[in-house]
Amino acid sequence: MSEPTILHATFTAQPGTGDRVAALLRDFAEVVRAEEGNVVFDATRLVDDPDRFFVYEVYRDDAAFRAHIDAPAGIPFNAALQELIVEPSSQLTFLRRL
């Protein structure tokens, strides 16, 4: 059995765009959670800095993660997100279960 693909993504909304980022992310979360290989897609805002976002993602395996990356919904989401955040793109950190 292959290992799950686990990661977290972080990004910072540009000043004044936090609520727009939250709405965009909330809509995208519903799409991702419906993907066959998605196990967890937990999108959150930092309590002490609501312009900072943290997304925890788990996919059944690498093939499921690749399918997520290649899914058509990701292209417009990432294009819209890129216009609203400080970083050039979300910062991904891949994790491994112990």
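Here is a short report on the structure shown in this document. Here the structure is a predicted model, which means the values were calculated and not measured.

Rules used throughout
Residues numbered from 1 in each chain as written. Predicted model: local features only at pLDDT ≥ 70, side-chain atom pairs only at ≥ 80, totals over all residues. Heavy atoms only, no water. Helix = DSSP H or I, 4+ residues; strand = E, 2+ residues; numbered from the N terminus. Polar contact = N/O pair within 3.5 Å; in protein donor to acceptor, adjacent residues only side chain to side chain. Salt bridge = Lys/Arg side-chain N within 4 Å of Asp/Glu carboxyl O. Buried < 20%, exposed > 50% of the residue type's maximum accessible area, 1.4 Å probe, protein only. Contact = heavy atoms within 4.5 Å.

Okay, the side chain of threonine 5 next. Mapped onto the elements, threonine 5 comes out in strand 1 (residues 5-12). Here aspartate 61 takes part through its backbone oxygen, which lies 3.5 Å from a polar atom of the side chain of threonine 5. Side-chain polar atoms of threonine 5 contact the backbone nitrogen of aspartate 62, separated by 3.3 Å.

The full count for this structure, using the stated rule, is 6 salt bridges. Arginine 52 is the partner of glutamate 87 in a salt bridge, and the nearest nitrogen-oxygen pair spans 3.5 Å. With glutamate 87 in the loop between helix 3 (74-84) and strand 4 (91-95) and arginine 52 in strand 3 (residues 52-59), this pair connects stretches of sequence that are 35 residues apart. Judged by its relative accessible area of 15%, glutamate 87 falls in the buried class.

Moving on, we come to the environment of alanine 43. Note that alanine 43 resides in strand 2 (residues 38-45). The exposure class of alanine 43 is partly exposed, given its relative accessible area of 28%. As a C-alpha pair, alanine 43 and proline 88 span 45 residues in sequence and 19 Å in three-dimensional space. Not counting residues within four places of it along the chain, the set of residues in contact with alanine 43 comprises Leu25, Arg33, Phe54 and Val55.

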